[in-house]
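Each chain is listed here by its residues.
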Amino acid sequence: MRFRIFPILFLLLIVSGYNTNFDSSKYEIIYNGEKNKKQEQPVQNNPNYTIAIVPKVTGIPYFNAVEEGAMEAGNDLDVEVFYSGSLIADWEQQEAIINGYIEQGVDLIAVSANDPEKLGQVLTKAKQQGIRVITWDSDTNEQYREMFINMVDPEVLGRHIMDTLSSRVNEQGSYAIITGASDAANLNEWIEWMKLHQKENYPSMKLVEIVESNDDPKQAYKAAKELLKKYSDLKGIIGSSSVGPPAASQAVRDVNKAGEMTIVGLSTPNLMREYIKNGSAQVVTLWSPKKLGYLTVSVAKEILDGQEIQDNQYISNIGNIRVKEDTVIMGQPIDFTKENIDQYDF
Amino acid sequence: MISRIKEAVHLKHFRLKTKLIITYILLTVIPMAILGYITYYQNTKAIEEEVGEYVPRLLNQANKNIENEINELGNLPNLIYNSSDVMAILRTNPYDERSSLLEDQFTIESFLSRTYLGSNNDNILGAFLLSKNRSFISTRVSYEGFDFSDHTFPYGEAHDLGGDTKVLLPSQVNLSFEGNPPYMLLVKDIVDLDNRKNLGTLFLAVKLTFIEEILEDLDEEEKATMWLMDSQGQIIYHQDHTKIGSYFEEVHHYPLHNGSFRTNDEQDRTLISINQSEKQEWILVHSIPINYLTERTDVVKTAAMIIFVILVIITTFISISVAWSVTKPINILGKIMKDVESGNLDVKIPIHSKDEVGVLATSFQSMISRIRELIKKNYHIELRQKDAELYALQSQINPHFMYNTLETIGAAIEDGESELVVDMVAILGRMLRYSLSNKDRIVPISKEILHIEDYLTIQKFRFEERISFHIDQNKYEEDYLTPKFILQPIIENSIKYGMQKRKSLHIEIDVIHETDHSILFVIRDNGPGINAEKLKELNQLLDKNPIIKRDSGFGITNVHARIVMMYGSEYGITIESKIDEGTVVTIKIPQMIKTQEKMVIDHDRDKNNHRR
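This section reports on the structure supplied with the text. Predicted model, so just to flag it, every value in this text is computed and none were measured.

### Here we look at the overall build of chain A
Inference 1: Regarding its fold elements, chain A presents eleven helices and 16 strands.
Inference 2: Classification of the 346 residues of chain A by burial places 55% in the buried group.
Inference 3: Long-range pairs, those at least 24 residues apart, make up 72% of the contacts in chain A with a sequence separation of at least 6.
Inference 4: Taken as a whole, chain A presents about 15,500 Å² of accessible surface, with 47% of it coming from carbon and sulfur.

Shown next, in the form of structure tokens:
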């Protein structure tokens, strides 16, 4: 009888030493870290963003190149990009185009403004409709937009262009500037820096006149001709908008002063290739407008995604960008000379 | 479980000792076992949970580090953009002259060597730049494969990678380096950012030592297995280098990609912690057998088991001794009871404890002594009864009495009184029959009275005028009962003493029914009486325990003792006497009624009356 105790004891010993596990599933979760992760990552990549890019003007190579870049980015980033502008650089026409986009209900409007103040009304209206507004190339007053995408640092550009001129005229003599529209904010800022830089470093140089071209090649050419006629001792011309340098080069050539006159400024390689190669212009400075278009769309998408643009951020297919307050700076300007102008196709 | 229930069922057949032992052991062993088990289980679980929560955080950090490293490495191809020379060469179209091609090749390869191999980042094994059917290659060690002449190579020139750095694993490309170091290939399109044109593709072969270092930091004890794989399960880095590039299919069955879980495989229980990086979605796995985690607890567990076994042994001994101490007196008592059962009443119980068993033993002891007493008493009653009967018989067939009687008869025959002779012989015969009918100890009063009447009649024949008697009885005496031979010894006494002193003796016998259901026989004589001293002595004798005084030769005490023994001390004989005046002897017996065959004691009479 007493031996019956032992099976019970044995059973108890087994039970006490044996870690029973009745779970039939193969894995038993001990710690789940996924919930936190999911919450941290809001759902983004909301597709079908529509981004409207409004240039100062269409039909000129510079803005055509911007369009190319913007479309490429739209393709790469899977967003819909609209690009339309007026044939002349006029804020009223821009306003009409922007109104069209507001009605269309796009997600973001990026404007290269022809007037920093006058577009304010329509941009405020867009903002009220929930449309994000940024500017690129040419800024408005800062209360009308969230962010400005600048190609280069205005100070760096203005000073650099002044340098390209002064180093070729031995730092003396008079020069003139052909600008675009007198109310284009970016052009004016650059010119201010050029003037400051010249005052600080090249006191023997003298700015004789600033003329407007309204980004019209014909008007620019006419202005250049007049300048050459008016100032016989003129050493150099700075074209601060892309139509300036080619018009000036053509004018210099036409009066057979190629080589005597130094033509610098901002223009595209395609416009200037011929003049640079034949020596009627020495150097032009610009950035890649394609890159600018690409960057504008990239930044627009980042903004729509709710991401903050960081200083030194790497933008795919662009590189690192700089951010100063609410201004994005794309990079350094490129000088196009006889040696390298063939590498660029815009 | 079923067997245990069966055990429990059988339990009731167990001996008390066994039951006690089992109960004690169960009461101590089961709680200890349960407590120990719960403690161990909770402890193990706590460790698992702690590690399971801690490791994913480490993994997350490690994964972030890896991702940062990859990001940094991913920025390396951008260094190409810094060199305008290289960019200019890459922008150039195919050449007319071989010399310029070779010159450019030198420029670019020395740039690659300078930038990627010459720097302090010795993780890069080699750089391969493919551009417009040209290949610029610079490696740290010699390599095999990666033949650009055929077109099987996965990433051709115009392939659009969308600007991001892609990662290729050795299994995807036919490339191996000297010494077979584990590596991965960073692939990046070189885009002419200004012209927005694809210039070529840069491949950077990067050694995986940085992953190894990060993982080594994680696992200092080197007991865990760790590997890094992409979201498809292809192993990017594994501590066992041969597994790099193979697919780990099980990842698709894993319940989560961030956190910890345990495999329930019995032989090989492992704690798997896992983390997936956000950008590349690479999965870092840390797998450690649970044995290692619970190593320390297992020592505690073993110690606890030993202590447990020792405690079990101790409690078993304690329970056995306790059970023994409880059951031993019971066993002794049982043995003694068996002894008593077999007839030995002279037992002594050696149990003096105050507990229940002690009380039981004491009760049993007192019961035994009571039984002993009763047996003794019964024995004495029986003995006295026999004495009384013998005495009565002796009186009956007293040769002296017989002689006297026969002499009287003889004298009567001589006198020719034949009628008297006939009467006497008839009476004597009746008396002898009454005496000899030994069967009945209890007889109707009438018969006892008749007997004494016969006796007195015979005596009267003998002594003639010297003796006279009167018997007063009512007609119901037939129905009431009395013990046999209670009157004769009294009468004999009266005659014996009366004849000595006086010439004429008168005896009166009364039968009185008292209201308290008792019957009194009152025998009065006018004999010499008993002096006060003797009477006192006699009454004292009667008051004493009749059993002890069994040897008393007096017939009176014999009768008294019989009555007391039969009916209790409230019944019996009382004697009143005055010297020279006479003696009154009163016999008190309970009223008993003759019913059919039975004789019923008067206490039950009422009940019987009701029945009637």
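### Observations regarding the sheet that holds strand β4 (residues 108-111) of chain A
Residues and elements named next belong to chain A.
Inference 1: Across the sheet, which stays open at both edges, the seven strands sit in the order β3-β2-β4-β5-β6-β15-β14 with mixed pairing between neighbours. Either end of the sheet is taken by a strand with one partner, and the two such strands are β3 (80-83) and β14 (322-324). For this sheet, the mean angle separating the axes of adjacent strands, direction not counted, is 20°.
Inference 2: Pairing of β14 with strand β15 (residues 327-329), which is carried by three bridges, proceeds in the antiparallel orientation. Of the residues in β15, the one forming a bridge with Val 323 is Val 328.
Inference 3: Sheet strands in contact with helix α3 (residues 61-77) are β3 and β5 (132-136), and its direction is about 165° off that of β3.

### Quick word on a nonpolar patch on the surface
Residue and element names in this part refer to chain B.
Inference 1: Judged by side-chain polarity, Leu 16, Ile 306, Ile 307, Ile 310, Leu 311, Ile 314, Ile 318, Val 322, Val 326 and Ile 330 come together as a nonpolar surface patch covering roughly 790 Å² of accessible area.
Inference 2: Considering each element in turn, the nonpolar patch owes the most residues, nine residues, to helix α8 (residues 295-341).
Inference 3: Along the chain, Ile 330 turns up in helix α8.

### Looking at the sheet that holds strand β19 (residues 582-590) of chain B
Residues and elements named next belong to chain B.
Inference 1: Across the sheet, five strands lie side by side as β14-β16-β17-β19-β18; this open sheet has mixed pairing. Each having just a single partner strand, β14 (467-472) and β18 (572-578) make up the two edges of the open sheet. On average, each strand axis in the sheet is tilted by 15° relative to the strand beside it, whichever way the strands run.
Inference 2: Helix α13 (residues 488-501) rests against β14, β16 (505-513), β17 (518-525), β18 and β19 of the sheet, and its axis sits at about 155° to β16.
Inference 3: Relative to the sheet, helix α15 (residues 555-567) contacts β18 and β19, its axis offset from that of β18 by approximately 145°.

### A word on helix α5 (residues 98-117) of chain B
All names here are of chain B.
Inference 1: If you check α5, its first and last C-alpha atoms are 27 Å apart, about what 20 residues at 1.5 Å a residue would give, namely 28 Å.
Inference 2: Three or more residues of α5 are buried, namely Asp 104, Ile 108, Phe 111, Leu 112, Thr 115, Tyr 116 and Leu 117. Taken around the axis of α5, the buried residues stretch over an arc of 165°, which confines them to a single face. Turned more than 90 degrees from where α5 packs its buried face, Glu 103, Phe 106 and Arg 114 sit exposed.

### Regarding a negative patch on the surface
Inference 1: A surface patch of like charges, here negative, comprises Glu414(B), Asp415(B), Glu417(B), Glu464(B) and Glu465(B).
Inference 2: One can find Glu414(B) in helix α10 (residues 399-414).

### Regarding the nonpolar core
Inference 1: Residues Tyr62(A), Trp136(A), Ile238(A), Trp287(A), Leu292(A) and Leu295(A) are the most contacted members of the largest nonpolar core, which totals 84 residues.
Inference 2: Looking at this core element by element, the count peaks at eight residues for helix α11 (residues 289-304) of chain A.
Inference 3: The next biggest cluster of nonpolar side chains, apart from the first, holds 50 residues, and it includes Ile445(B), Phe461(B), Ile519(B) and Ile563(B).

### Some thoughts on the pattern of salt bridges
Residues and elements named next belong to chain A.
Inference 1: Using the criterion set out here, one finds 24 salt bridges over all chains in the structure.
Inference 2: A salt bridge links Lys 118 to Asp 115; its shortest N-O distance comes to 3.8 Å.
Inference 3: Looking at Lys 118, the relative accessible area reads 42%, which means it is partly exposed.
Inference 4: Classification of Asp 115 by relative accessible area gives buried; the value is 5%.
Inference 5: Across the pair Lys 301 and Asp 305 runs a salt bridge, and its minimum N-O distance is 3.3 Å.
Inference 6: With relative accessibility at 14%, the residue Asp 305 sits in the buried group.

Cut-offs applied
- Residues numbered from 1 in each chain as written.
- Chains lettered and ligands numbered in written order.
- Predicted model: local features only at pLDDT ≥ 70, side-chain atom pairs only at ≥ 80, totals over all residues.
- Heavy atoms only, no water.
- Helix = DSSP H or I, 4+ residues; strand = E, 2+ residues; numbered from the N terminus.
- Buried < 20%, exposed > 50% of the residue type's maximum accessible area, 1.4 Å probe, protein only.
- Contact = heavy atoms within 4.5 Å.
- Areas by Shrake-Rupley, 256 points an atom, 1.4 Å probe, with all protein chains shown as cover.
- Pairing = 2+ DSSP bridges.
- Axes fitted to C-alpha atoms, helices over the stretch in contact; angles between N-to-C directions.
- Patch = residues over 30% accessible without salt bridge, like charges linked within 9 Å, V, L, I, M, F, W, Y side chains within 5 Å.
- Salt bridge = Lys/Arg side-chain N within 4 Å of Asp/Glu carboxyl O.
- Expected span 1.5 Å × (residues − 1).
- Arc of directions from axis to C-beta.
- Lys, Arg positive; Asp, Glu negative; His and termini not counted.
- Charge placed at Lys NZ, Arg CZ, Asp CG, Glu CD.
- Core = buried A, V, L, I, M, F, W, Y, C linked by side-chain atoms within 4.5 Å.

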